[in-house]
Amino acid sequence: MMDSLPAREAFITVKKFLRLLVALAVIAAAATLFAQEGDKRAKAAEGTLMVDGKNYPLTHALAYETTVSEEEVIAVVLSGQAIPGDKLKEAREKERNGDESDFKRPYIKLQFTKEGALKFWSASAGNTSLGRRAGDATGELKLQDSRVTGKASQPNEKEEMFSAGFDVRFDVALLRAGESMPATAAKKPGPAANVKPSVTGMFKGNGKEAKIAHVSAHWREPFSGKPSMVLVFTEKDHSKDKKPDFDAGFGKFGSALIISLHEDGDIFGCQVVHTAHKKQGFSSIGQIKTNNFEFADGKVQGELTTDGQAEVFGETWEVNLKFVAPLGEIPKEFQVADSVKPEKDATDKPVTTAATTKLSEKAAPESAEDELNVKDLALTKDATDIDYQEAVEHLLFKSKANVKSVCAELSANLKIQGWTKQDSDLITPASAILKRKRGDAELTIFVKPDDGGSQVQIFTDGLAWDEE
């Protein structure tokens, strides 16, 4: 018996030690679980929008009080990218006037009653927009300490020609009626991030895939009064080229995409170059868009997609690329001035000299405020196949010159006729966009290659279309 006592004590000591280990493990597991739950609650938004068989992650949220159909509701918007304050102001104004508001795609907007019941939802992603509806969706919202938390979901159900569903959660501050979003903090200038450019995904032309392996980001001149950048995607390495966007447009680096866009991801220029296309290099901005685009911390990243096959000039193309590329401080020559004063030059004054009539072959009216007839609009000297489309106030014509030459001559003639630039011209070998203003009249001019020459389409506003 005496010999067994130390053994019993040792056994008891081991049991206590094991219990202690178990207790510590439970505490550690609980702490880990608590931390995970804390992280989960800390997320402003998480979830997925499902449209036409594609999943769109939603990582940003905005909640605000608004009035829809004369009823006060709480709107919660979940989006793939941050929502700027001016977009909230625009949305409230539309809703106040009885119109449906929208946000940058992909997004879903949930409308809750003041009591927290889900009433309606609407969404947009890819090329599909889903109007205000209830459907089989369920959801709840709780308001506490000026924050709203909640969730909403609907099974991915097929309706008519498309399928749609969602499953989202949110935890975000509520903006009361009359409150606006805090001013967006200016991006801190600095060097490009120390990240390696990378691109993955698909780029097809007429069904044939190109192996896009290189991407770069560069600042360019402002467009529409906002800072602008260009993304260059190519098959071959263009990192040492001094003007990659220009040279890529001529096929120097194989198949390529040259995308011009603003800091928020809105695309205003797209040049498509694919070795499988008969027409080498054309402009197509109607279908391509960015998802989850972000410019921050010295880099740009996101997704570039057409959400399916697009067709232009009888050629098909399709893209879905994910990318990241370093991009540093915007150079001074590409920065937008705080205030732009109108230039005091000859373009601001009506010209009535004989030289005007000789160059443009159309006499300019005596005052820039006079309503100009569309038949008197200055064109290129060799303009042919002129087509005046009065129903839509569009003017089309052809020229034997290339895109760059047409833009130069047309700009000079319009300048003499009293037209001034609204934005920086966007000119590439494959396409061009020019904007001009004269008094209350405005022109948006598109130029593209056509059978060895160029085709010009002018959208007019404020010109007289009556017969002279």
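Nothing here was measured: the structure is a model prediction, and the numbers come from that model.

Asker: I'm lost on the overall build of the protein in this one. Help?
Answerer: A count of helical and extended segments in the protein gives 5 helices and 28 strands. Looking at the protein as a whole, 41% of its 468 residues are labelled buried. Nonlocal contacts in the protein, meaning residues at least 24 apart in sequence, comprise 53% of its contacts between residues at least 6 apart. Accessible surface computed for the protein: about 25600 Å², of which carbon and sulfur atoms make up 52%.

Asker: Which parts of the structure should I look at to understand the sheet that holds strand β15 (residues 256-262)?
Answerer: Two strands in a sheet stick together by hydrogen bonds in their backbones, pointing the same way (parallel) or opposite ways (antiparallel). Reading across from one edge, β13-β14-β15-β16-β17 is the order of the 5 strands in this open sheet, with antiparallel pairing throughout. Lying at the two open borders of the sheet, with one neighbouring strand each, are β13 (214-223) and β17 (282-283). Here β13 runs beside strand β14 (residues 226-234); their pairing, made up of 8 bridges, is antiparallel. Within the sheet, the bridge partner assigned to alanine 217 lies in β14 and is leucine 231.

Asker: Explanation requested: helix α2 (residues 85-96) in the structure shown.
Answerer: Count 3.6 residues to each turn of an α-helix, and residues three or four apart come out pointing the same way. Taking 1.5 Å as the rise per residue, α2 with 12 residues should run 16 Å; its terminal C-alpha atoms sit 17 Å apart, in good agreement. Within the sequence span of α2, burial applies to Leu88, Ala91, Arg92 and Glu95. Here the buried residues of α2 occupy an arc of 100 degrees about the axis, which is enough to place them on one side. Facing away from the buried side of α2 by more than 90 degrees, the exposed set consists of Asp86 and Lys89. As for α2, its buried residues are in contact with β3 (60-68), β5 (107-112) and β10 (162-175). Once α2 ends, the next one or two residues include glycine 98, with phi positive near 85 degrees.

Asker: Whenever I open this one, the confidence of the model for the protein confuses me. Can you help?
Answerer: Note that predicted coordinates carrying low pLDDT should not be read in detail. In this model, the protein carries an average pLDDT of 81, and 81% of its residues clear a pLDDT of 70 or more. For the stretch residues 22-41, pLDDT sits under 50, and the model shows 3 contacts to residues farther than four places along the chain or on other chains. For the stretch residues 339-369, pLDDT sits under 50, and the model shows 38 contacts to residues farther than four places along the chain or on other chains.

Asker: Just to check I follow, could you spell out the pairing of β10 for this structure?
Answerer: Along any regular strand, the residues point their side chains to alternate faces of the sheet. Here β10 lies mainly inside the structure; 11 of its 14 residues are buried. Here strand β1 (residues 45-51) pairs with β10 via 7 bridges, running antiparallel. In the sheet register, alanine 45 faces β10, and the bridge partner there is phenylalanine 170. Two strands pair when backbone bridges link them, and β3 and β10 are joined in this way by 2 bridges, in the parallel orientation. If you follow alanine 63 over to β10, its bridge partner there is leucine 174.

Asker: Could you clarify how one ought to interpret the side chain of threonine 428 in this entry?
Answerer: Mapped onto the elements, threonine 428 comes out in the loop between β25 (426-427) and β26 (432-438). Within polar-contact distance, the side chain of threonine 428 engages the side chain of glutamine 271 at 3.4 Å. Discounting residues that sit within four places of it in the chain, threonine 428 has contacts with Gln271 and Val403.

Scoring rules and cut-offs
- Residues numbered from 1 in each chain as written.
- Predicted model: local features only at pLDDT ≥ 70, side-chain atom pairs only at ≥ 80, totals over all residues.
- Heavy atoms only, no water.
- Helix = DSSP H or I, 4+ residues; strand = E, 2+ residues; numbered from the N terminus.
- Buried < 20%, exposed > 50% of the residue type's maximum accessible area, 1.4 Å probe, protein only.
- Contact = heavy atoms within 4.5 Å.
- Areas by Shrake-Rupley, 256 points an atom, 1.4 Å probe, with all protein chains shown as cover.
- Pairing = 2+ DSSP bridges.
- Expected span 1.5 Å × (residues − 1).
- Arc of directions from axis to C-beta.
- pLDDT = per-residue confidence, 0-100.
- Polar contact = N/O pair within 3.5 Å; in protein donor to acceptor, adjacent residues only side chain to side chain.

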